[in-house]
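# Secondary and tertiary structure notes
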Amino acid sequence: SHEQLQKIAESSLCLVSSSIKESFSMVALEAMSWGCPSIVADTTAMPESVGEAGILVQPENPSAFADAVIRLYEDQEYRQQIILKSLDHAAKNTWSKAATRFETLFDMCLQKT
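Note that the structure is a prediction, hence the values are computed from the model and not measured. (Residues numbered from 1 in each chain as written. Predicted model: local features only at pLDDT ≥ 70, side-chain atom pairs only at ≥ 80, totals over all residues. Heavy atoms only, no water.)

## Description of the overall build of the protein
Along the backbone of the protein there are six helices and three strands. Each helix (α) and strand (β) of the protein, taken in turn from the N terminus, gives the series α-β-α-β-α-β-α-α-α. For the protein, the spread of C-alpha atoms along the three principal axes comes to 55 × 30 × 25 Å. Classification of the 113 residues of the protein by burial places 30% in the buried group. Of the accessible surface of the protein, which amounts to about 7300 Å², a share of 57% is contributed by carbon and sulfur atoms. (Helix = DSSP H or I, 4+ residues; strand = E, 2+ residues; numbered from the N terminus. Buried < 20%, exposed > 50% of the residue type's maximum accessible area, 1.4 Å probe, protein only. Areas by Shrake-Rupley, 256 points an atom, 1.4 Å probe, with all protein chains shown as cover.)

Rendered as structure tokens:
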């Protein structure tokens, strides 16, 4: 359930996504909204998905993923900074805000026709 997923994310060290075929990642953004730092592949739309709040890693470098996880585990101050950035980034990227942006875009397109 959604509630169980939230509890898992809230109690997790981080989310790791090494996907190289991901479009905008709602999974990473949702994890971030629950205070779960996201480590994602620096490819496709992942950088835009997590913004400066996420940790970007080259997809072909498994050691870099491991290093990012270890840093979150060992450096609690760094992890807390990432969590705060994640919560802020997720709050700026809600479904309702996306809908408002699309509505504005559609209005602009209609005005040009």
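## Side note on a nonpolar patch on the surface
On the surface, F24, M26 and W95 cluster together into a nonpolar patch covering about 340 Å² of accessible area. With respect to the secondary-structure elements, W95 resides in helix α6 (residues 95-112). Overall, W95 belongs to the exposed group, its relative accessible area being 66%. (Patch = residues over 30% accessible without salt bridge, like charges linked within 9 Å, V, L, I, M, F, W, Y side chains within 5 Å. Salt bridge = Lys/Arg side-chain N within 4 Å of Asp/Glu carboxyl O.)

## Remarks on helix α5 (residues 76-92)
Taking 1.5 Å as the rise per residue, α5 with 17 residues should run 24 Å; its terminal C-alpha atoms sit 24 Å apart, in good agreement. Among the residues of α5, those classed as buried are Y78, R79, I82, I83, S86, H89 and A90. Down the axis of α5, the sector holding all buried residues measures 140°, keeping them to one side. Of the exposed residues in α5, those oriented more than 90 degrees away from the buried face are E77 and L84. Elements in contact with the buried residues of α5: α2 (26-33), α3 (46-50), β3 (55-57) and α4 (62-74). (Expected span 1.5 Å × (residues − 1). Arc of directions from axis to C-beta. Contact = heavy atoms within 4.5 Å.)

All quantities given are derived from atomic positions and should not be read as evidence of function.
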